[in-house]
Amino acid sequence: MEALKKMAPLEELLEVKTGLENPYVRQWKEEGKRIIGYICTYAPEEIIYAAGMLPYRAGAQGCKATDKADIFLHRFNCTYVRCLLQLGLEGKYDFLDGFCFLNGCEQLRRLYDIWHRKVPTKFVDMLTIPHVISERRFKWYLDDIKKFVEGLSSKFGVTVTKEKLRDAIKVYNETRRLMQELYDLRKKENPPITGSEAMKIAIASFCMPKHIFNEILRKALDQIKEREGIKEYRARIMICGSYMDDTFLIDLIEETGGIVVADNLCFGYRHFEGKVDEVGDPIEEIARRYYWKNPCPRMQGEFDRRLSETIRIAKEAKVDGVIFERIAFCDNHGAESVMEAKFLEKEGIPTLILEREYMPSDRGRLKTRIQAFIERIERRKRL
Amino acid sequence: MKKNAVEWFKRLRVTCSIIERAIEEAMKRGIINLSDLDVEGLLKDADDYTKKVAQMLQPSTVDAALKPKNRNITLAFVKAYGEYLDFVLDGIEKGKKLVYHYFESIPQVILSMDMIPVCVETIPVLVAALYKDGCEEEIDALEAEGFPAHLCSAQKGFVGAYLTEKVPAPDYFFKPSVPCDPSNMLFQYMSKITGAPYIVFDVPYYTNERAFRYYKEELDEAYRKLQQMSGQSIDLEKLKRHIELTNLQLDYIYKIQELRKHKPCPDPGFHRPMDFALYTIFGFSEKVVEYFRIVYEEAKRRVEKGERIIPEDKEEIRTLWTWAFQGYDLSIYHWMEEEHGATYLACGLTILPPEEIGFIEDHDLDSMLEGLARLTFHYPMSRQVTSFADIWINDFVKIAKSHKADCAIFSGHMACKHGWALNKLLSDAIREEAGIPTLRFEMDIADKRFTPPEEVKNMLSEFFETIRH
Amino acid sequence: MYYLGCDIGTGYTKGVLIDEEGKIVCSRIIPTNADPRNSSKSIIDSLLKDAAIKEDQIKGCGTTGWGRSYFPLKHKELSIINCIAKGASFVRPSCRTVIDIGAQHSLVILIDENGNPVEFRQNDKCAAGCGRFIEVISEALQVPLEKISDFALSAKEKVNITSQCAVFAESEVITYVNDGRPVDAILAGVIDSIGKSLSSIAKRLLLQDEILVSGGMAKNRALVGAVEKNLEKKLYIAEPDPQLIPAIGAALFVKEGRR
């Protein structure tokens, strides 16, 4: 499959659509190939790719209401999960051949229990990962991944060979390298790309086969490097948090004069950082990279590591302030954001915590708070 | 480490004494209502602190405790728990190592290492149950730090108590990596701000033998780490003693669970949160075993003599609490029986399946650790919540049938997002397989402000009236 | 001899008088105005006057709703759910589900062929799906409550209200007004949103035909239409007045002398 559109590469990435509206996804299906949905950065995409299937990170863009989902879920559940279930119940995910759930967080893991009972996806699996990171526990995750491979193979009659795995690893490592290059460009004093554009590119990576994405991104990077850097901005912002697959919040920040030059989001940096060792047993090396990468707050006893990562990224990108975003009722990010913010403030880094719903809403309130934060940063700079 | 910040432990200890005296006096004088008891006279020679604490008590709780069907059990509870609190206060005073643990990591091993185990969740729930103002000030103190309100009050209250100097910093935190995100986050926060190391052991997502082996290894490793860090080792004789008491306790618990099958249920509901509190000091002392013996003997006597815990003129409504109890007004369980003939069969915070746990073999260290691992693996809430929804659903459908429940009550704690996410699957299964309706409502286990007691009673009344037609 | 049923809600106090044959003789609905003693007294006086009878001709009074204990005469206090089920079953014996939409609550009740409630679900602690939601919006838009349905039904398009919270929805509405969106489109969006919330609550139970809608909000045809669309089921609006259903049930209970 080759790049379909006749658009300039960067423009194509910025215009990407999700679901069946994405031409690559549509063509993939038309060619009779399979698509496996997944919901967490601990899902080993290379495995799915090596099985000849398209790994598709299931977002819930376009969800207008959660009435169907709320029959099963409750107002105490995060709106991302509710929206995702809503789309599932509405049949919007009927194009998936399978779904890989994980016990990432409390809310998402329950989605498995409801989905496999109520949504007619052919192959629904649950991959489980320990809550603690250490060599000893790594085996549990590796064993579960091996079970997942077996599940895929037997359900769809495919063989996941070592060769296909090594290919997948190469492709994904290339994606990671390219994304890191993009993120490095953002750190410049005059970044050639806005936070919104960077986010769109990250989102695009989830909706198309990675080898095509790599091709387009390579060319787009050339375009980006040609651009003049952005000089007009009031504050360099880093954004941290969890599930965000649209640019609503980043747009608000950048409308108000901020520029988002770095992130620690699970749709952003945390997703593509690190790389898989290309020597050694492929399944084990894939599992290793996923298990040991910069951890999500659901991992126990890793707070210090996450905090130092946040500080490192903030300092490298020379940010003026860090904005933590979290979806209402998210316990992990709800507590993590407060904890990290406390320590960042002690380091002299201004922070803002914003609570939001998954669906874009509440513009006025959020904008007011961002405005005040940027003003605080400017006052501080003047001193 | 602020070792003199022990107000909560002290207050609870004094409370146990006050209630002990009140019940003994009431029994002596044949009093069954708080309004007939001269509390002031009773405490006239007590110190100012005791008098102050007496003022803080929730009258409805003390009143329910004086009732004939509740008082022997409550007396046994305050004796057992009071003795435990003495042990805690004494240990802190002597500089013994303090371990704060989660409610499903029971303390026998920690005790055998001559350390002081304190369950983080028990304390705020008891505070909410006993005092008019509950642990509201402490919860607010934690929320004032910026933490979201949707975290669990069982930890919010405790961390808030630390911030307001009512509990001291421990030497260690000891917790399984489950069952929920809120508890994980707040334990880590407290570890960070106190500087006490956080020993966490992983619990896998399955309940098969592969999972159990993994879990046992994790627990063993956690105990090894605790010994290593503290320089204190397990005293085998001490451990054996606690295991012996644990087995006696388990025996009574299994028998009580069987007796509850009887119609009408012979075991009152007022004391179930006390059961929960004493589970968290499983095998601690003879007085703990004594408590369960009394619960058992009373229930047994009622079955043999045909005594009822509900009024003669009320037809029984047998309720199954498919999440757990609300912990801020215990008198509701007594009121339920008196007003509606509604008995409390079981709940998610107190069920122990004998077929999964059995008893603990004590022939060597490994057999004891294995037995303890099995007990905690199938511990209330932990077993149902840690993995797939099927376990929660199947366990409760099973009890609904075996105990012939007339209705289910999903008293949903607002912090249990995973619980709320399966509430419909659960009530559907109970309706389809046991043929009974479910009342579901929101509440906060240790904060009465979320759903005040009157509101809970209104909802229960409405529900019971629809059953009784 | 007559029987009086009185449903004292936080918004309105409703009363009916039924005769020995169980026929509704007369009825009244007046605002409670935060004074349930007075409003229920007013109801008693009006009903006696309308029926041209004296107090001693009333054999029994049944009360229900939030303010049921404030009723000044000797009375029997009854559960709102039982009264809704009873009243619904009486006005439409073939109904097996009742959706009651009040000011502060939305209830879905499954009933058996004898009018007994089998299971029920209620809205959670929030106004989504309740009359209060519409009242808040009606005030924000300065459109009288009775006109809302007509406005919504005449709209050619509708805005999307994403907030389920009445307070946040109010800000959304104000934003739409400032963006120049037409009032009828906004109201259509609000009605749509409430309809979805209500359907969500309803579907927590396995709905059985026929489905009856009661409560003050059942008079809003646009809302009933929105719920019908979402449930994909036919809804019947309780007659003679959906707001009287609990009061009718209460009167019937005292007539039967049950409990």
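Reading the values: rules and limits
- Within any chain, residue numbers begin from 1 and follow the written order of that chain's sequence.
- As they are written, the chains are lettered A onward and the ligands numbered 1 onward, keeping that order.
- This being a predicted model, a pLDDT of at least 70 is required before a residue's local features are given, and a value of 80 or more before pairs of side-chain atoms are given or counted; all residues contribute to the totals for chains, interfaces and linings.
- Under the DSSP-based scheme used, a helix requires at least four consecutive residues in state H or I and a strand at least two consecutive residues in state E, with every element numbered from the N terminus.
- Throughout, radius of gyration means the C-alpha value; the globule benchmark is 2.2 Å times the number of residues raised to the power 0.38.
- Burial is judged by counting the other C-beta atoms within 10 Å of a residue's own C-beta: 20 or more makes it buried, 12 or fewer makes it exposed, and any count in between marks it as partly exposed, with every C-beta position built from the backbone.
- Here, residue contact means that the backbone-derived C-beta atoms of the two residues sit within 7 Å.
- Under the grouping applied here, Gly and all other residues not named as nonpolar or charged are polar, the nonpolar ones being Ala, Val, Leu, Ile, Met, Phe, Trp, Tyr, Cys and Pro and the charged ones Asp, Glu, Lys and Arg.
- Pairs of strands are assigned from DSSP output, requiring at least two bridges between the strands.
- A crossover gets the label right-handed when its path from the first strand over the helix to the second runs clockwise, viewed with the strands pointing away from the viewer.
- An automatic or database domain assignment supplies the residue ranges for each domain.
- Helix axes are fitted only over the stretch in contact, all axes being lines through C-alpha atoms; the angle between N-to-C directions runs from 0 to 180 degrees.
- Connectivity within a nonpolar core runs through C-beta atoms within 7 Å, and the core itself is a set of buried Ala, Val, Leu, Ile, Met, Phe, Trp, Tyr and Cys residues.
- Here the word oblique covers every angle except those under 35 degrees (roughly parallel), over 145 (roughly antiparallel) and from 65 to 115 (roughly perpendicular).
- Handedness of a helix crossing follows the sense of rotation of the near helix relative to the far helix, less than a right angle counterclockwise being left-handed and clockwise being right-handed.

Turning to the overall build of chain C, a few remarks are in order. Across its full length, chain C carries eight helices and ten strands. Over its C-alpha atoms chain C spans a radius of gyration of 19 Å, differing by no more than 12% from the 18 Å that the globule rule assigns to 259 residues. Each principal axis of the C-alpha atoms in chain C carries an extent, and together these give about 60 × 35 × 30 Å. Scored against the burial criterion, the 259 residues of chain C give a buried share of 54%.

Further remarks concern the interface of chain A and chain C. Accessible area lost during the coming together of the parts is what is often quoted as the interface size. Between chain A and chain C, the residue contacts involve ten residues of the former and 15 residues of the latter. Class assignment of the residues belonging to the side of chain A that touches chain C gives a composition of three nonpolar, two polar and five charged.

Residue and element names in this part refer to chain B. You can see K216 is positioned in helix α11 (residues 209-230). For K216, a count of 19 C-beta atoms within 10 Å gives the class partly exposed. When the C-alpha atoms of K216 and D36 are compared, they prove to be 53 Å apart, with 180 residues separating the residues in sequence. Contacts of K216, omitting those with residues within four sequence positions, involve E370 and A373.

Taken together, the contact pairs 34 residues of chain A with 34 residues of chain B. Going through the elements one at a time, α4 (69-72), α6 (106-118), α7 (135-156) and α15 (331-346) of chain A are the ones with two or more residues in the side of chain A that touches chain B.

Relative to the helices and strands, W140(A) is located in helix α7. With 21 C-beta atoms counted inside 10 Å, the residue W140(A) sits in the buried group. Sequence spacing of W140(A) and I129(A) is eleven residues, and the spatial spacing of their C-alpha atoms is 7.1 Å. Contacts of W140(A), omitting those with residues within four sequence positions, involve P130(A), P204(B) and Y214(B).

Let us look at the pairing of strand β7 (residues 321-327) of chain A. Residues and elements named next belong to chain A. A large share of β7 lies buried, amounting to seven of its seven residues. Burial along β7 is two-sided: G321, I323, E325 and I327 and V322, F324 and R326, pointing in opposite directions, are all buried. With five bridges joining them, strand β5 (residues 235-241) and β7 adopt parallel strand pairing. Each bridged residue has a counterpart across the sheet, and for G241 the counterpart in β7 is E325. For β7 and strand β8 (residues 351-356), the ladder comprises six bridges, and the chain directions are parallel. Among the inter-strand pairings, E325 is bridged to a residue of β8, identified as L354. As for the winding sense of the linkage, the β-α-β connection from β7 through α15 to β8 is right-handed.

Residue and element names in this part refer to chain C. When its domains are assigned, chain C resolves into domain 1 (1-92 + 243-259) and domain 2 (94-237). Between domain 1 and domain 2, the C-alpha centre-to-centre distance is 26 Å. With 15 residues of domain 1 in contact, the opposing surface of domain 2 contributes 20 residues. Broken down by element, the residue count for the side of domain 1 that touches domain 2 peaks at eight residues, all from helix α2 (residues 80-91). Split into classes, the residues belonging to the side of domain 1 that touches domain 2 amount to seven nonpolar, six polar and two charged.

The next point concerns the sheet that holds strand β3 (residues 24-31) of chain C. Residues and elements named next belong to chain C. Ordered by their spatial adjacency, five strands build an open sheet running β3-β2-β1-β4-β5, and the pairing between neighbours is mixed. The strands lining the two open edges of the sheet, one partner per strand, are β3 and β5 (76-77). In terms of strand pairing, strand β1 (residues 2-8) meets strand β4 (residues 58-64) through six bridges, oriented parallel. The partner of C6 across the bridge, within β4, is T63. Here helix α8 (residues 245-256) sits on the sheet and contacts β1, β2 (12-19), β3, β4 and β5; the angle it forms with β1, its principal contact strand, is near 140°.

In this structure, I237(A), M238(A) and A400(B) are the most contacted members of the largest nonpolar core, which totals 301 residues. Of the residues forming this core, the biggest block, eleven residues, is contributed by helix α5 (residues 68-93) of chain B. Ignoring anything within four residues of it in the chain, the contact list for M238(A) reads V261(A), A262(A), D263(A), I313(A), A314(A), A317(A), V319(A) and V322(A). C6(C), V16(C), Y70(C) and M217(C) belong to the second largest nonpolar core, which has 76 residues in total.

For the peptide bond that leads from D209(C) to E210(C), omega is -5°, which places it in the cis range. With respect to the secondary-structure elements, E210(C) resides in the loop between α6 (183-202) and β9 (211-214). Of note, the bond from E239(C) into P240(C) is cis; its omega dihedral lies within 30 degrees of zero at 5°. Structurally, P240(C) can be placed in the loop between β10 (235-237) and α8. The phi angle at D114(B) is positive, at roughly 60°, despite the residue not being glycine.

Before going further, it helps to spend a moment on the packing of α7(A) against helix α13 (residues 282-292) of chain A. Residues and elements named next belong to chain A. Where α7 meets α13, the axes come as close as 10 Å, and the angle between the chain directions of the two elements is 125°. With respect to α13, the element α7 is oriented oblique. Judged by the sense of rotation from one axis to the other, the crossing of α7 with α13 is right-handed. Facing α7, whose interface residues are F138, Y141, L142, I145, K146 and V149, α13 presents I283, E284, A287 and Y291. By residue class, the composition of the contact of α7 with α13 is eight nonpolar, no polar and two charged.

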